[in-house]
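So you can see what is in the structure, the chains are spelled out below.
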Amino acid sequence: MTNKWNRRTFLKGSLAASTGLFLNPLDNIMAGNKTGSNKLSDSPIPKRPLGKTGNDVTILGLGGLYTTSKHDRHEKAVEIVNRAIDLGINYIDTSALYGTGASELNIGTVMKDRRDEVFLASKSHDYTYDGTMALIDQTLSRLQTDHLDLYQHHLLGRLGQLEQLQEKNSARQAFEKLRDEGTIRNIGVTGHSAKVLADALEDYPYDTALITLNAAEQVMDDPDHLDRFFRVAQEKEVGVIAMKVVARGALTKKGLDIRELFPYVLSHPVSTAIIGITDIEHLEENVRVAREFEQLSKEEMAEIRKHAMNIA
């Protein structure tokens, strides 16, 4: 049985590091846990309801970027996806844009035989009716499936605007037709702005929202908008999915650790958090942290946020 790292010891070590008392906040933990094992425990990854979709998803989801989105890393990508499912992850997110289709193709190789084991989500970056209808055919073909559990408007506020979705012959109408046909089961929206996403949730009964969320508050607008976003999401039973947990690796490269960054995000009212993977080792470490997750207090979250923002 793997020894659990002591969260409060870790937080104290992190804060001490930020004041220059020692270089690596993990040194204190490792010094007191030399007998600990890196072996994964057999405990399952916790699950949470994904809003009003009726599905329960693991608090750690597999993102479709990094190795998974490389045309020239097909075998390694397939290995990562298979290993993720073997470890209990049941939420996989991708997009037609990732790796110019490589992400969907690589994930599709696994979906051919393991489709029923996961909740599968992809995205449309085309905000027109005809464009979305063309994209869904391409996506289903690449993923080797006849349906998606979730189809999302990709990057609202950057790739398209809310006003476009309110018009006739928009992607919104395409999504509704696809849902009526059974090609997609749920409709979601994604973006980097809490304000834009909150506006979208007030405008339309989305099932899910994928939002940037990390301790350094990178790619995020005013915190008041984040509070409003979560309030609206809860009122409307929208399943919230977090992304950019480590800011595409930028935060870990600056010395922050997944053992503080991931619990910080999961301590918000989110259903799951998706993380892109470069190798199996990183995947297994993320699973280890997910299995050992404990809700952080407001004080602990504030400590992590202060430490992250000081470093970042």
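Nothing here was measured: the structure is a model prediction, and the numbers come from that model. (Residues numbered from 1 in each chain as written. Predicted model: local features only at pLDDT ≥ 70, side-chain atom pairs only at ≥ 80, totals over all residues. Heavy atoms only, no water.)

1. Focus on the nonpolar core
And step 1. I92, L201, F229 and F262 are the most contacted members of the largest nonpolar core, which totals 82 residues.
And step 2. When residues in this core are grouped by element, the largest group, six residues, is from helix α11 (residues 258-266).
And step 3. Apart from the residues within four sequence positions on either side, F262 is in contact with I59, L60, V245, A273, I275, N286, V289 and A290.
And step 4. Core analysis: the next-biggest nonpolar cluster, separate from the first, contains ten residues, V57, Y91, A121 and I274 among them. (Core = buried A, V, L, I, M, F, W, Y, C linked by side-chain atoms within 4.5 Å. Buried < 20%, exposed > 50% of the residue type's maximum accessible area, 1.4 Å probe, protein only. Helix = DSSP H or I, 4+ residues; strand = E, 2+ residues; numbered from the N terminus. Contact = heavy atoms within 4.5 Å.)

2. Structural notes on α11
And step 1. Counting buried positions along α11 gives nine out of nine residues, so the element sits mostly inside the fold.
And step 2. Among the residues of α11, I258, R259, E260, L261, F262, P263, Y264, V265 and L266 are the ones counted as buried.
And step 3. Near the N-terminus of α11, the side chain that reaches the backbone nitrogen of R259, with its oxygen 2.7 Å away, is that of D257. (Polar contact = N/O pair within 3.5 Å; in protein donor to acceptor, adjacent residues only side chain to side chain.)

3. Quick look at the pattern of salt bridges
Pairs may arise between side chains of opposite charge once their charged atoms sit close together.
And step 1. Summed over the entire model, instances satisfying the criterion amount to 14 salt bridges.
And step 2. For R228, the salt bridge goes to E202, with nearest N and O atoms at 2.9 Å. One end of the pair, R228, is in helix α9 (residues 223-235); the other, E202, is in helix α8 (residues 194-203), with 26 residues separating them in the sequence.
And step 3. Assessed through its relative accessible area of 17%, R228 is described here as buried.
And step 4. Taken together, the shared-partner salt bridges connect K195, D199, E202 and R228 into one network. (Salt bridge = Lys/Arg side-chain N within 4 Å of Asp/Glu carboxyl O.)

Distances and angles like these do not, on their own, reveal function.
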